[in-house]
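Read off the chains here:
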Amino acid sequence: MRPLLSIALVLSALIGPIITLPNGAPESVCNTMLPFHGGGIPPLTTASPFRITPVTSVVGSGQQLQVEIESFPANVVFKGFMIQARNRFPPNEVLGQFELTDESAIKLINCGGESNTATHTNTQLKKDLALEWIAPANFKGEVVFNATIAQDYDKFWVGLVSTPVKVVESGQGPTSVVGISTTRQPPTTTTVPPYVPRATAASDSSDPIYQGCGDTKGCFGFPEGCVESRNCRAVVATIVQGERYIFEMKSGYNRPAYIAVGLSNDAKMGDDSVVECVPEQGTVNAYASWTFAGPYGVSRQGIAQNFIRLLEKSYVDGVIHCKVERDAVTTVKGQKFDLINEKYHLLLATGLKADSTHVSYHDIGRHVSGVPLALAEVGPVQGMSKLLLRLHGALMLTAWIGTASLGILLARYFRQTWVGSQLCGKDQWFAWHRFLMVLTWCLTVAGFVIIFVEIGGWSQVDNPHAILGVVTTVLCFLQPIGAYFRPHPGTKRRPLFNWLHWLGGNLAHIIAIVAIFFAVKLQKAELPEWLDFILVAFVAFHVFMHLIFSIGGCASERRNNQRVTSMQMADMTPSRNSMSSMDRKQDAAFSGFRKVMLFFYILIIVAFVVALVVITVLAPIEDAVESIKKQIMN
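Residues numbered from 1 in each chain as written. Predicted model: local features only at pLDDT ≥ 70, side-chain atom pairs only at ≥ 80, totals over all residues. Heavy atoms only, no water.

In the nomenclature of an unreviewed UniProt entry, the chain is known as Putative ferric-chelate reductase 1 of Aedes albopictus. Heading Subcellular location (unreviewed entry) of the UniProt record for the chain holds this comment: "Membrane". (UniProt positions renumbered as here; feature names shortened; annotations may be inferred.)

See the structure below:
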């Protein structure tokens, strides 16, 4: 008898935890709305056949509203449910109360307020259930109905959200549904009836994701300063309610784009735990993933999905909005993430490409918080400084648009200008050429070192800019070394040196300009596409000036030949050598024209350099200009 009793006790212990709660949800899950199903079964993130439908979008305070749980396709049944109305804006408290209209199927529980949550009383099959909700008498604003629907023990959805309902002053809303249009819209195939924010673009000042930023939640977005202007390409808000950690994310791009937020210990991609909201077949799904370093990548494979829960989601006109709750303490890939006691950098990214196993490169944008954050601390969140990135761009532009262009021009066309005038014991053209090219070398090496410090290694971006930059730097580094060991004039190897030095300098200059064109395509640089037109204008101007100087050089050479011919026809007297010496001390013909054109060239090149550096340092320039305009107006 005792063995049988022991077996019975063991079986009851094994079966007990996995039996669903037949009498409805307990008050202990008021916040998470997550069923106590055994084995840690996670909620489904696939398309749900159920929708939560208020019969009207406006209700007066203290008045009654009918809310229905519907299925699509029709006649799909479910066993359990839990539903409550929440304030659409933080702190998202549970509001109002339900009426007990059918004691055989519905019971009411208290989630911080009397009878404000409805749940099932049994696991009998149900479909198209109607509930009556009474709006709070002292509340004006917007609510959304949140629901958990269990179709079966291991098949349930958490965070199904209705369209918003506006609660107005009593007398402004209907006293019943009579007189209010209750025409039903045909069900859609989206996972959830679209939870449509009042703005479908992240730039709308009334967008609820910005409500409470810095007061009740921490907000972080890009470009820098966009949270204050409420004009983010992507934004994440961290909401902490007790031990509930919720990440609210929105992508303001008008094309199907994922948005993801990662937790990082070092502010660099690699070994980070990520939560993604991804558009899939007209709806939004949430996934947990992991980043890898060297080569960079993101993958969901081997990552448990049961520590995140998708609470709300919408996908309207290419704009994603989602709320994802994450367990406070998790272990991912052997690394512990303790949101309660530890601080983390936020990695925010958005991009256009994603598939069934991972999201691809963040080609729309990426930003990193400047310091590690304790997510429970509410306050302004600043992004990591981009000073080194901007400084790299400014140095390289100054070097290869400015000093290198001018130094090459002087060496090619001004050898016979300022003849007899020296600087530091060298001819003017050589002294200035050497100064400008040494300055180019210093700027290039400094820019190269700075970008390696900024990135922390080799760039993983699929863009030729990095390799072209390395080639340019190597050629630039070798030029002064070769010049130091140049053969003396008149020696056998001097012509070979001249050709190699000319080839190395011009090749470095051309490759550097091409690298700058590719830099415009780098997402991290945040440069406007129209910058290409300025670069094309520079190239056209530079080539045009070379053409002008070449024509001038040909004319000067012809004039010099005529001068030599006339001297040969003159009477050969003892003063001939002195005459030749005097001729060599004179500038070549048209030197005045060359000097004027050089002055013009310097002015235009300085203008190009200043414009390009300003655009690079203030990038994204459109946002900087808009910010300046607002400051002037204020």
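After presenting the structure, the write-up continues.
Draft legend 1. Molecular detail of the sheet that holds strand β1 (residues 50-54). What the four strands build is an open sheet, ordered β1-β3-β9-β6; its pairing is antiparallel. Edge positions in the sheet fall to β1 and β6 (97-99), since each has one partner strand and no second. Each strand axis lies, on average, 30° off the axis of its neighbour in the sheet, ignoring direction. (Pairing = 2+ DSSP bridges. Helix = DSSP H or I, 4+ residues; strand = E, 2+ residues; numbered from the N terminus. Axes fitted to C-alpha atoms, helices over the stretch in contact; angles between N-to-C directions.)

Draft legend 2. Seen up close, empty space enclosed by the protein. Evaluated as defined, the whole model comprises two cavities of 30 Å³ or more. In this structure, the largest cavity spans a volume of roughly 180 Å³. Lining the largest cavity are 16 residues; nearest its centre among them are Arg86, Asn146, Arg244, Leu311 and Glu312. Of all the secondary-structure elements, those providing two or more residues to the lining of the largest cavity are β4 (80-87), β11 (155-161), β14 (234-241), β15 (244-251) and β20 (308-316). Class assignment for the residues of the lining of the largest cavity results in five nonpolar, seven polar and four charged. Each of domain 1 (27-168) and domain 2 (208-368) contributes no fewer than three residues to the lining of the largest cavity. (1 Å grid on protein atoms, 1.4 Å probe; cavity = no way out; pocket = protein on both sides within 12 Å on 5 of 7 lines; lining within 4 Å. Points joined across faces, edges and corners; volume = space filled by probe spheres on them. Nonpolar A, V, L, I, M, F, W, Y, C, P; charged D, E, K, R; others polar. Domains from an automatic or database assignment.)

Draft legend 3. A look at the sheet that holds strand β24 (residues 345-351). The strand order across the open sheet formed by six strands is β19-β18-β17-β16-β24-β25, and the pairing between neighbours is antiparallel. If you trace the sheet from one side to the other, it starts and ends with β19 (297-299) and β25 (365-368), each paired once. Averaged over all pairs of adjacent strands, the angle between their axes in this sheet comes to 25°, without regard to strand direction. Where strand β18 (residues 283-292) meets β19, three bridges bridge the pair, whose relative direction is antiparallel.

Draft legend 4. Up close: the state of the cysteines. Counted according to the given criterion, the structure contains four disulfides. Between the sulfur atoms of Cys213 and its disulfide mate Cys219 the distance is 1.9 Å. Judged by the sign of its S-S torsion, about -80°, the cystine formed by Cys213 and Cys219 is left-handed. Here Cys226 is linked by a disulfide to Cys232, with a sulfur-sulfur distance of 2.0 Å. Residues Cys226 and Cys232 are joined through a disulfide that is right-handed, its torsion about the S-S bond being 90°. On the accessibility criterion, Cys226 (3% relative accessible area) is buried. Once the disulfide-bonded cysteines of the chain are ranked by sequence position, their pairing pattern turns out to be 1-2, 3-4, 5-6, 7-8. In this structure Cys476 is a free cysteine whose sulfur lies 8.8 Å from that of Cys442, the closest cysteine sulfur available. (Disulfide = S-S within 2.5 Å. Buried < 20%, exposed > 50% of the residue type's maximum accessible area, 1.4 Å probe, protein only.)

Draft legend 5. Fine view of the side chain of Lys217. Mapping Lys217 onto the fold places it in the loop between β12 (165-168) and β13 (218-222). Exposure remark for Lys217: the relative accessible area of 0% places this residue in the buried category. A distance of 2.9 Å separates the side chain of Lys217 from the backbone oxygen of Ile209, its partner in a polar contact. A distance of 3.3 Å separates polar atoms of two side chains, one belonging to Lys217 and the other to Glu248. Not counting residues up to four positions away in its chain, the partners in contact with Lys217 are Pro90, Pro208, Ile209, Gln211, Gly212, Ala237, Thr238, Ile239, Glu248 and Val378. (Polar contact = N/O pair within 3.5 Å; in protein donor to acceptor, adjacent residues only side chain to side chain. Contact = heavy atoms within 4.5 Å.)

Draft legend 6. Fine view of helix α3 (residues 387-413). For α3, which comprises 27 residues, the first-to-last C-alpha distance of 38 Å matches the rise-based estimate of 39 Å (1.5 Å per residue) to within 8%. Considering bend angle alone, the principal kink of α3 is centred on Ala399 and spans about 35°. Taking burial as the measure, the 27 residues of α3 include 22 buried ones, the bulk of the element. (Expected span 1.5 Å × (residues − 1). Bend = angle between axes of the 7 residues up to and from the residue.)

Draft legend 7. Quick peek at the pattern of salt bridges. Throughout the structure, instances matching the rule amount to ten salt bridges. Residue Glu142 pairs with Arg88 through a salt bridge whose shortest N-O separation is 2.5 Å. Taken as a pair, Glu142 in strand β10 (residues 141-152) and Arg88 in the loop between β4 and β5 (94-95) lie far apart in primary sequence, 54 residues in all. For the pair formed by Glu142 and Arg88, the shared burial category is buried. With its nearest N and O atoms 3.8 Å apart, the salt bridge here joins Arg309 to Glu325. Separated by 16 residues along the polypeptide, Arg309 in strand β20 and Glu325 in strand β21 (residues 319-326) bring together distant segments of the chain. In terms of burial, Arg309 and Glu325 fall into one category: buried. Because the salt bridges share partners, they merge into one network encompassing Arg244, Arg309, Glu325 and Asp327. (Salt bridge = Lys/Arg side-chain N within 4 Å of Asp/Glu carboxyl O.)

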